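What follows is each chain in one-letter form.
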Amino acid sequence: MNTALPAPLDVKLMNLTASVLFVGFAAFVLAAGAWWVLRYQGFGIARIVVQGELAHNNAVTLRANVGPHLVGNFFTVDLRAAREAFEQVPWVRRAQVRRVYPGSLHVELQEHDAVAYWGPESGSALVNSQGEVFEANVGDVDQDGLPRLQGPQGSSAEVLQMYGLLEPVFKPLGLDVDELELTGRGGWRATLDSEAVVELGGGTPLEVVQRTQRFVRTLTQVARQYGRRVDALESADLRHAGGYALRLRGVTTVSADAAAGAAGVRKR
């Protein structure tokens, strides 16, 4: 029966030293290889291909603005950081960035489509068709006649939705909603293109729309009673339980019966 003798201590130390040296050498080779990959100009980003329907940006300016923020080469560039850099460019809503060998980054961009101004006239905020607020140079807006929407922070989608419901309600009168505001108390205020201000009151969207429809159906008749057209409307308050109050331009004195009608028009 043969019994294996334990290896001498010096042999064990030699084996351990060899293993340590091998691991250290391998780590050095990997580190040197990584350093070479990071530094080798042949792996640099040679092209940035920009795709998408761009109305407010172009590929040249995008490359100039984003290029300096791209760190690394084709293999090491952080695609998430690159995407965020593109999304910081004005008018860019969303970016998708991917590597395409050899040496190219392909970027698919989606721009904001402005449908309204947001906030006070002194601001630079806009609302896109998804109800999102974004900052941009309002001088770059191509569309004419965009409405102005206002409301508490985080309410832009709700205000845009209400605008979409109310705008067609006023169309039969030949009037457009220039401004729509959701007040801090939950009430709605519309300013028409005739500069008339209409307090619409609060409630569910359906309640507000129905209240506005009743007002629109009777406004022409009421204005005619005073020899006026609907564009003579100066202001209206729909928050009354039994009807609404209104003010017409050019109507300064009325009879007792007419005053009662001007003070409150009952629902029909």
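Conventions we followed
- Residues numbered from 1 in each chain as written.
- Predicted model: local features only at pLDDT ≥ 70, side-chain atom pairs only at ≥ 80, totals over all residues.
- Heavy atoms only, no water.
- Helix = DSSP H or I, 4+ residues; strand = E, 2+ residues; numbered from the N terminus.
- Areas by Shrake-Rupley, 256 points an atom, 1.4 Å probe, with all protein chains shown as cover.
- Expected span 1.5 Å × (residues − 1).
- Buried < 20%, exposed > 50% of the residue type's maximum accessible area, 1.4 Å probe, protein only.
- Pairing = 2+ DSSP bridges.
- Phe/Tyr/Trp six-rings, centres within 6.5 Å; stacked < 30°, edge-to-face > 60°.

Undergrad: How do you make sense of the overall build of the chain when you look at a structure like this?
TA: Across its full length, the chain carries 6 helices and 13 strands. Carbon and sulfur atoms make up 54% of the accessible area of the chain, which totals about 16,400 Å².

Undergrad: When you look at helix H4 (residues 156–170) in this model, what are you seeing that I'm missing?
TA: Think of an α-helix as 3.6 residues a turn; residues three or four steps apart then line up on the same face. End to end, H4 covers 21 Å across 15 residues, agreeing with the expected 21 Å (1.5 Å per residue, within 8%). Listed in full, the buried residues belonging to H4 are Ser156, Val159, Leu160, Met162, Tyr163, Leu166, Glu167, Val169 and Phe170.

Undergrad: How should the pairing of strand E4 (residues 114–118) be read in this particular structure?
TA: Every regular strand shows the same layout, with side chains that alternate between the two sheet faces. Burial within E4 is extensive, with 4 of its 5 residues counted as buried. One ladder, built from 4 bridges, connects E4 with strand E5 (residues 125–128); its direction is antiparallel. Among the inter-strand pairings, alanine 116 is bridged to a residue of E5, identified as valine 127. Between the antiparallel neighbours E4 and E5 lie 6 residues, among them glycine 119 with a positive phi of about 85°.

Undergrad: Help me out: how do you make sense of unusual backbone geometry in this one?
TA: Backbone phi values are negative for most residues with the exception of glycine, while trans is the configuration of most peptide bonds. The omega torsion across tyrosine 101 and proline 102 is 0°, close enough to zero to call that bond cis. Its location among the elements puts proline 102 in the loop between strand E2 (92–100) and strand E3 (104–111). Unlike most non-glycine residues, tryptophan 91 shows phi in positive territory, near 80°. Of note, tryptophan 91 is situated in the loop between helix H3 (79–87) and E2. Residue tryptophan 91 is classed as buried on the basis of its relative accessible area of 3%.

Undergrad: It is not clear to me how the packing of aromatic side chains should be interpreted in this structure. Could you clarify?
TA: Between two aromatic rings, the relevant description is the distance of the centres plus the angle of the planes. Enumeration according to the criterion identifies 4 aromatic pairs in this entry. Arranged with centres 5.9 Å apart and planes meeting at 65°, the rings of phenylalanine 74 and tyrosine 101 form a pair that is edge-to-face. Residue phenylalanine 74 is located in the loop between helix H2 (59–66) and H3, and its partner tyrosine 101 is located in the loop between E2 and E3; the two are separated by 27 residues in the primary sequence. Taken together, the ring pairs connect Phe74, Phe75 and Tyr101 into an aromatic cluster.

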